[in-house]
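# Tertiary structure, described
Okay, here's what each chain looks like letter by letter:
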Amino acid sequence: MDKPFSAIPIRDALQSTSPKDVIQVQGWVRTRRDSKDFSFIELNDGSSLRNLQVIAKNSLPNYAAVQKLGTGASIIVTGALVPSHGKGQKWELVARDIEIVGGAHVS
């Protein structure tokens, strides 16, 4: 990344009033499910009862490692906060970078 970012609480991302070109959040993986060209990651940092959905595209350089993330893994995600296409959520984060801080990998 070109410049360092300070992570914001997931609660603040979920309560955002407009899309953001670049934000950074950090937290623990609650669930991960894979689709054909991307993975959905539900991320929580304890600041909200609700999770933030992260979209991890297969174009990420460490996508193979992302696909092995298990519940409880600790990650830092930098990306764009965009309106969600899914039901029950206003925002989702399209990842540009996912840093894996702590394991909890599945095989």
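As shown above, the structure is provided for reference.
Residues numbered from 1 in each chain as written. Predicted model: local features only at pLDDT ≥ 70, side-chain atom pairs only at ≥ 80, totals over all residues. Heavy atoms only, no water.

### Focus on the side chain of Glu92
Following the sequence through the fold, Glu92 ends up in strand S5 (residues 91-102). For Glu92, the side chain forms a polar contact with the side chain of Ser84, separated by 3.3 Å. (Helix = DSSP H or I, 4+ residues; strand = E, 2+ residues; numbered from the N terminus. Polar contact = N/O pair within 3.5 Å; in protein donor to acceptor, adjacent residues only side chain to side chain.)

### Here's the deal with the pairing of strand S4 (residues 74-83)
Of all ten residues in S4, eight are buried, a share of seventy percent or more. Sheet topology places strand S1 (residues 20-34) next to S4; seven bridges connect them, and they run antiparallel. Note on S4: the bridge partner recorded for Gln26 is Ile76. One ladder, built from ten bridges, connects S4 with S5; its direction is antiparallel. The partner of Ile76 across the bridge, within S5, is Glu99. (Buried < 20%, exposed > 50% of the residue type's maximum accessible area, 1.4 Å probe, protein only. Pairing = 2+ DSSP bridges.)

### Thoughts on the sheet that holds S1
On the basis of which strands lie adjacent, the closed barrel formed by five strands has the order S1-S2-S3-S5-S4 and mixed pairing. Here the strands of the sheet are splayed against their neighbours by 55° on average, with no regard to which way each runs. In this sheet, strand S3 (residues 52-57) lies alongside strand S2 (residues 38-44) in antiparallel orientation, the contact comprising six bridges. Following the sheet pairing, Ser39 is matched in S3 by Ala56. (Axes fitted to C-alpha atoms, helices over the stretch in contact; angles between N-to-C directions.)

### A short note on the pairing of S5
Note: S3 against S5, three bridges, orientation parallel. In the sheet register, Ile55 faces S5, and the bridge partner there is Val94.

### Re the packing of aromatic side chains
Aromatic ring pairs are defined here through the distance separating the ring centres and the angle between the ring planes. Inspection of the entire model under this criterion finds one aromatic pair. Arranged with centres 5.1 Å apart and planes meeting at 90°, the rings of Phe38 and Phe40 form a pair that is edge-to-face. (Phe/Tyr/Trp six-rings, centres within 6.5 Å; stacked < 30°, edge-to-face > 60°.)

Shape descriptors only; they carry no functional weight alone.
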